[in-house]
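Residue-level listing of the chains:
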Amino acid sequence: MISLQRMLGLLMLMLMLLHGIVTFPLELNPPRVVVRYGDSVSVNCSTSSTDHEGMGWEATFGGSGFDVNVVTWTVYNLTDWTIEPKCYITLIDGQQLSIVLPVILYKTPDRVSISVLSHSGPMVEGTQYQLQCDIQNIAPLQNLVVKWYKGNEPLDNVTYSSVSKRPEDVSATLMISPSRDDDGDQYRCRAELDLGPEGPQPHPTVTSEPLSITVHYAPEFLPGNDIVEVSAGSDVSLDCSAEGNPPPELRWTNNTAEGNANEITVGRLRTLNISRVTANATYNCTVTNSLGSITKQIHVLVDVPPQQHPTMLSTAPSTPETMTTLPGTAKPKLVTFPLELNPPRVVVRYGDSVSVNCSTSSTDHDGMGWEATFGGKRLEEHVNVVTWTVDNLTDWTIEPKCYINLIDGEQPSIVLPVILYKTPDSVSISVLSHSGPMVEGTQYQLQCDIQNIAPLQNLVVKWNKGNEPLDNVTYSSVSKRPEDVSATLMISPSRDDDGDQYRCRAELDLGPEGPQPHPTVTSEPLSI
């Protein structure tokens, strides 16, 4: 009967509270606390009620009471991650009311470090890399914000929806695709605890040491003149300045060896000084590093008095096989390049057929032919056209070369550029290191696996959510043979993404000579 009376009394008190007849008899000051692990804490619990038999605190540490109007909970070294202090009051009718003090116990990380996953050494321009920020022994996880920076520029913030009171090790990732402008840049990640208005201001923060990156990129010419006009017999300087990383090597060649040449290099500036120029000439400047090779032509036009009637030179492109390394001193020699390819370059699907004509306008030759691992033709006399044909092209490194034997004993030649391509055997999409439903606000990494595709430098991986394009990934690595390759995408889904489908698409952009539309293989959809 007594217990029934207490129950009825408690019910009456709750109804009175709901209708504003009485106020709740307990008050905490402060109403919630944020405490650094190992620090002290003190909270008062007071009552305005005079009709009570006593009050106190229940807690694993710092419990106290009893016959007073204020009780204080004090702990000098708080280390209990799950503590829930409760202040209670016993009313004269036997009822006992209580209130729990919200406690956030926090700890800054022992260490924050940044690294590049699955890579060491210089990065290559246009290639994707994954940075990882490792944070050791931090709590609580739900209050952590990981902030990414490049220099002083903020890049991304990562938050966590998992609720955990005890310290944990956690990692955050950032995908980057550096350009040449990023060479020497420094990346940092910062672990910041946002503990709300009751927490310390500014927020407790630990920052990693900076990660400096080196970016390698293919050569690129600096602006310069492609045509230089000069008076007959005077000197001329040709500029072939380029930048690249690693620093590119340079080679000067020409079809009309002319004058005395002296090369001067100052930093990125490359100059060829030629003395006593007497005839028009075309000079080829080739710069090369481990990521590529480019060539440009500089035409020297000589202003000769009308009575000399100079012969104009052809400016047809030259290839390394037809170039003559410029000697220190040589006599002028005027030539016109005698070979032409039709088409000038080809794009061929692996296993398909190909046919290219090589023709000449020269009548002063002993014959012409093709050199190739497949489809080569021996020297044919009394012809002006020879055809290279392969019914089933499967040689990934083939470099067919058309040549002609001139009557003066010279053998100019030209290499046919061949792109042999293959669409992938399979394209699939998966979630790395995770299975099952995703949690809103948490980061996940999707991976697109592409098997047996070539050439890699022509591949574009396209990410889509439904019909919405998300990201494109390209590759600067030069590779002729088929390879397996992966591309990744970081996502942080929201409730609006429930049921959405992600796809990745492997597309080969083979230029204007390649098939249109581009050859494409798309993964099966991944529903989240």
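Cut-off values and rules
Residues numbered from 1 in each chain as written. Predicted model: local features only at pLDDT ≥ 70, side-chain atom pairs only at ≥ 80, totals over all residues. Heavy atoms only, no water. Helix = DSSP H or I, 4+ residues; strand = E, 2+ residues; numbered from the N terminus. Buried < 20%, exposed > 50% of the residue type's maximum accessible area, 1.4 Å probe, protein only. Contact = heavy atoms within 4.5 Å. Areas by Shrake-Rupley, 256 points an atom, 1.4 Å probe, with all protein chains shown as cover. Disulfide = S-S within 2.5 Å. Core = buried A, V, L, I, M, F, W, Y, C linked by side-chain atoms within 4.5 Å. Pairing = 2+ DSSP bridges. Axes fitted to C-alpha atoms, helices over the stretch in contact; angles between N-to-C directions. Phe/Tyr/Trp six-rings, centres within 6.5 Å; stacked < 30°, edge-to-face > 60°. pLDDT = per-residue confidence, 0-100. Salt bridge = Lys/Arg side-chain N within 4 Å of Asp/Glu carboxyl O.

> What should I look at first to understand the overall build of the protein in this one?
Along its length, the protein carries 1 helix and 45 strands. Counting every position in the protein, which comprises 528 residues, the buried fraction comes to 42%. If you take every contact in the protein between residues at least 6 apart in sequence, the share linking residues at least 24 apart comes to 65%. Of the accessible surface of the protein, which amounts to about 27500 Å², a share of 49% is contributed by carbon and sulfur atoms.

> I tried to follow the state of the cysteines on my own but got confused; where do I start?
Cysteine pairs can be linked by a disulfide, which is a covalent bond between their two sulfur atoms. Per the stated rule, a full pass over the model turns up 5 disulfides. Here Cys45 pairs with Cys87 through a disulfide, and the sulfurs are 1.9 Å apart. Between Cys45 and Cys87 the disulfide shows an S-S torsion of about -85°. By sign, it is left-handed. Here Cys45, found in strand β3 (residues 41–47), pairs with Cys87, found in strand β7 (residues 86–91); they are 42 residues apart in sequence, far enough to count as distant. For the residue pair Cys45 and Cys87, the accessibility class agrees, reading buried in each case. Covalent S-S linkage joins Cys448 and Cys504, the inter-sulfur distance amounting to 2.1 Å. Judged by the sign of its S-S torsion, about 75°, the bond between Cys448 and Cys504 is right-handed. Of this pair, Cys448 sits in strand β39 (residues 444–453) while Cys504 sits in strand β43 (residues 501–508), placing them 56 residues apart in sequence. The buried category is assigned to Cys448, whose relative accessible area is 0%. With a relative accessible area of 0%, Cys504 lands in the buried category. Here the protein pairs its bonded cysteines, counted in sequence order, in the arrangement 1-2, 3-4, 5-6, 7-8, 9-10.

> Looking at this structure, I do not really get the nonpolar core. What am I missing?
Counting residues in each nonpolar core, the largest one holds 30 residues, and the members touching the most others are Leu131, Ile135, Leu144, Val146, Trp148 and Tyr160. Dropping the residues within four chain positions of it, Val146 is found in contact with Cys133, Ile135, Asp156, Asn157, Val158, Tyr160, Ala172 and Arg190. Formed by 26 residues, the second largest nonpolar core is a distinct cluster that contains Tyr444, Leu489, Ile491 and Leu510.

> Would you explain the sheet that holds strand β15 (residues 168–176) in this entry?
Strand pairs in the sheet, formed through backbone hydrogen bonds, run parallel or antiparallel to each other. If you trace the 3 strands from one edge of the open sheet to the other, you get β10-β12-β15, paired in antiparallel fashion. Only two strands of the sheet have a single partner each, and these edge strands are β10 (111–116) and β15. Ignoring which end each strand starts from, the neighbouring axes of this sheet average 15° apart. Where β10 meets strand β12 (residues 129–138), 6 bridges bridge the pair, whose relative direction is antiparallel. The residue bridging Val116 from the neighbouring strand is Leu131, located in β12.

> Any chance you could explain the sheet that holds β3 here in plain terms?
Taken in spatial order, the 3 strands of this open sheet run β1-β3-β6, and their pairing is antiparallel. Looking along the sheet, the strands with just one partner apiece sit at the ends: β1 (26–29) and β6 (70–75). Neighbouring strand axes in the sheet, compared pairwise and without regard to direction, differ in orientation by 20° on average.

> Would you explain the packing of aromatic side chains in this entry?
Pairs of aromatic rings are described using the distance from one ring centre to the other and the angle between the two planes. The tally for this structure, following the rule as stated, stands at 4 aromatic pairs. Pairing Trp57 with Trp73 gives two aromatic rings, centres 6.1 Å apart and planes at 35°, and the pair type is tilted. Here Trp57 is found in strand β4 (residues 52–58), whereas its partner Trp73 is found in strand β6, with 16 residues between them in sequence. Per residue, the accessibility class of Trp57 equals that of Trp73, and both read buried. Look at Trp370 and Trp388: their rings are 6.1 Å apart centre to centre, the planes differ by 35°, and that puts the pair in the tilted class. Here the residue Trp370 occupies a position in strand β32 (residues 365–371), and Trp388 occupies one in strand β34 (residues 385–390), the gap between them amounting to 18 residues. Residue class for Trp388 comes out buried when judged on its relative accessible area of 0%.

> Mind showing me how you'd approach the environment of Ile450 here?
Mapped onto the fold, Ile450 is located in strand β39. Along the chain, Ile450 and Val427 lie 23 residues apart, while their C-alpha atoms are 4.7 Å from each other. Excluding anything up to four places from it in sequence, Ile450 contacts Pro424, Ser426, Val427, Leu459, Val461, Glu483, Asp484, Val485 and Ala506.

> Just checking my understanding: could you explain the confidence of the model for the protein for this structure?
A low pLDDT means the predicted coordinates there should not be read in detail. Mean pLDDT over the protein works out to 83, with 85% of the residues at or above the 70 mark. Segment residues 15–21 is flagged for pLDDT under 50; beyond a separation of four residues in sequence, or across chains, it makes 5 contacts in the model.

> Would you mind going over the pattern of salt bridges with me for this structure?
Opposite charge on two side chains lets them pair, provided their charged atoms get close. Under the criterion given, the structure shown has 16 salt bridges. One salt bridge in this structure joins Glu198 and Arg32, with 3.2 Å as the shortest N-O distance. A residue pair is termed long-range when its members are at least 10 positions apart, and Glu198 in the loop between β16 (186–193) and β17 (205–207) and Arg32 in the loop between β1 and β2 (33–36) qualify at 166 residues. Taking the shortest distance from any N to any O, the salt bridge between Lys165 and Glu84 comes out at 4.0 Å. One end of the pair, Lys165, is in the loop between β14 (153–159) and β15; the other, Glu84, is in the loop between β6 and β7, and 81 residues separate them in sequence. Among the residues examined, Lys165 registers a relative accessible area of 37% and is labelled partly exposed. Within the structure, one salt-bridge network assembled from shared partners comprises Glu125, Arg180 and Glu220.

> Can you walk me through unusual backbone geometry in this structure?
What you tend to see is this: most non-glycine residues have negative phi, and most peptide bonds are trans. With an omega of 0°, the peptide bond between Asn29 and Pro30 qualifies as cis. Structurally, Pro30 is set in the loop between β1 and β2. Residue Pro202 is bonded to the preceding Gln201 through a cis peptide linkage, with omega at -5°. Even without being glycine, Asn137 reaches a positive phi, approximately 65°.

> So what exactly am I meant to see when it comes to the pairing of strand β40 (residues 459–465) here?
It is a general feature of regular strands that their side chains alternate between the two faces of the sheet. Burial analysis of β40 places 6 of its 7 residues in the buried class, the great majority of the element. Relative to β43, β40 is paired through 7 bridges, and the arrangement is antiparallel. The residue of β43 that forms the bridge with Lys465 is Tyr502. The pairing of β40 with strand β41 (residues 468–474) spans 6 bridges and is classified as antiparallel. The residue of β41 that forms the bridge with Lys462 is Asn472. Linkage of β40 to β41, two consecutive antiparallel strands, is achieved through a turn of 2 residues, within which Gly466 is found at a positive phi near 60°.

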